[in-house]
Each structure stands twice: as C-alpha cells, then as structure tokens.
Amino acid sequence: MSVERESAVTDKDLESAEPGLFARRLEELFRTVPGPNGRAYSAKAIAALSTDHGFRLGESYLSQLRSGKAKSPSFRTVEGIAAAFGVDVHYFLEDHEAQRTRDQIDRMRMQADTTVQMAAFGLAGLSSDSVVVVSELIKILRVQQGLPADPPDLVSAMTEGAHSGLRVVQR
C-alpha cells in the first residue's frame, strides 16, 4: 500500500534540485523500502516494477542513477521509479515530502513486519491501564536501541493523508 498525490513536477524542477539529492534519495529508498518479501528491493526488481507500471527503465541506468554517475533523469524516469517504490515523485525534490515519505516507509515496514503485527494483536482485550504500561515499556526499549521514543504518529499521518489530496493505492 502506498500513498500518492497528483503531481505538477516537471523536468525543470528536477534540474533545479540540489546536486546529488536524487541519488541520495534513491539510495535511501533502496535501503529502507521493504519489498513484498520484507527484504530490500534489488535494482532488477525496481526496473521491472517501473516497466510494469508503464515507465521503461533499464537496470544498468537505474544503478547509474543510484550511484550518482547519471545525474539528470527525465521526469518520466522519476515517475517510474516513484511508481515502483510506491512513493510520491515530490519525495525526490522537497524536504517536507521526503519526511512524509519516510513516515510512509516506516508504516510500510511496520505493516510488513509480522512480529510487530503480532505484538499489536497481543494488546487486544487488555485493559487500557495495561496498554499504557506496555506503551511506556516500548518507549524505554526504543530509546535504549537509539530510536525516538515515539514512532511516527500513524493516526495523524493517516488523517493528514486523507485531507491533503492523497489517495491510498494498492500495489
């Protein structure tokens, strides 16, 4: 599942983006977006998904974009990569969009992680006081592991998505 927005991004917007930004953001997607099997995507898989979405993309060109050797992708190429990863094309250009996409990726990772799902289901039926205790314990464990005490606010992120022209798309 991913969230997309109608786009008005152009090739000119891509040209004016900070140098190296595209390669860094692309690499971040490869490192963080889980595939259907819960593991990171390969360049071959993303090239195939992009092509399946109607945006022809070669694996070697994708690797060049990822490394920064190729620096000026067309908007169609960016659309194809965004479609393959299930993210908005603005992610490659705008900081606030990049943060929103990171939050979406966190949600996708949590949805793909059956251990997290099982832990959440284990809370069903517990008293609200017990749920508060478990929530506080989770915060302590997150801080001990170098994570923020609170994960991205899923409720407000989902609500924001419903009010900002975003639509949920099944992959």
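Calculation criteria
- Residues numbered from 1 in each chain as written.
- Predicted model: local features only at pLDDT ≥ 70, side-chain atom pairs only at ≥ 80, totals over all residues.
- Heavy atoms only, no water.
- Buried < 20%, exposed > 50% of the residue type's maximum accessible area, 1.4 Å probe, protein only.
- Helix = DSSP H or I, 4+ residues; strand = E, 2+ residues; numbered from the N terminus.
- Arc of directions from axis to C-beta.
- Contact = heavy atoms within 4.5 Å.
- Salt bridge = Lys/Arg side-chain N within 4 Å of Asp/Glu carboxyl O.
- Phe/Tyr/Trp six-rings, centres within 6.5 Å; stacked < 30°, edge-to-face > 60°.
- Axes fitted to C-alpha atoms, helices over the stretch in contact; angles between N-to-C directions.
- Parallel < 35°, antiparallel > 145°, perpendicular 65-115°, else oblique.
- Left-handed = near helix turned anticlockwise from the far one by under 90°.
- Nonpolar A, V, L, I, M, F, W, Y, C, P; charged D, E, K, R; others polar.

So, helix α3 (residues 43-52)
Taken together, the buried positions of α3 are occupied by Ala43, Ile46, Ala47 and Ser50. Seen end-on, α3 carries its buried residues on one side only, within an arc spanning 100°. Seen from the buried face of α3, the exposed residues on the opposite side, beyond 90 degrees, are Lys44 and Asp52. The inward-facing, buried residues of α3 contact α2 (21-32), α4 (59-67) and α5 (75-85). Just past α3, the residue Gly54 takes up positive phi, approximately 95°.

Observations regarding the pattern of salt bridges
According to the stated counting rule, one finds three salt bridges in the structure shown. A salt bridge links Arg76 to Glu79; the shortest N-O distance between them is 3.7 Å. Highlighted residues: Arg76 and Glu79, both in helix α5, separated by three residues, approximately one helical turn. Overall, the relative accessible area of 23% leaves Glu79 in the partly exposed class. A salt bridge links Glu136 to Lys139; the nearest nitrogen and oxygen atoms lie 3.8 Å apart. You can see Glu136 and its partner Lys139 sitting in helix α8 (residues 128-144), three residues apart, about one turn around the helix. Take Glu136: its relative accessible area is 41%, and that puts it in the partly exposed class. Of the residues examined, Lys139 reaches a relative accessible area of 28% and is grouped as partly exposed.

Details of the packing of aromatic side chains
For the structure shown, the criterion picks out four aromatic pairs. Considering the side-chain rings of Tyr41 and Phe85, the 5.8 Å spacing of their centres and the 90° angle between planes classify their relative orientation as edge-to-face. You can see Tyr41 sitting in the loop between α2 and α3 and its partner Phe85 sitting in helix α5, a full 44 residues away along the chain. Relative accessible area serves as the criterion here: at 12%, Tyr41 is assigned to the buried category. Geometrically, the ring pair formed by Tyr91 and Phe92 is edge-to-face, given 5.3 Å between the ring centres and 75° between the ring planes. Judged by relative accessible area, which is 1%, Phe92 ranks as buried.

Focus on the packing of α2 against α5
It is the contact of α2 with α5, at a shortest axis distance of 11 Å, that shows an interaxial angle of 20°. Put simply, α2 runs roughly parallel to α5. The handedness of the crossing between α2 and α5 is left-handed. Two secondary-structure elements touch here, α2 through Phe22, Leu26, Leu29 and Phe30 and α5 through Val78, Ile81 and Phe85. The class makeup of the residues in the contact of α2 with α5 is seven nonpolar, no polar and no charged.

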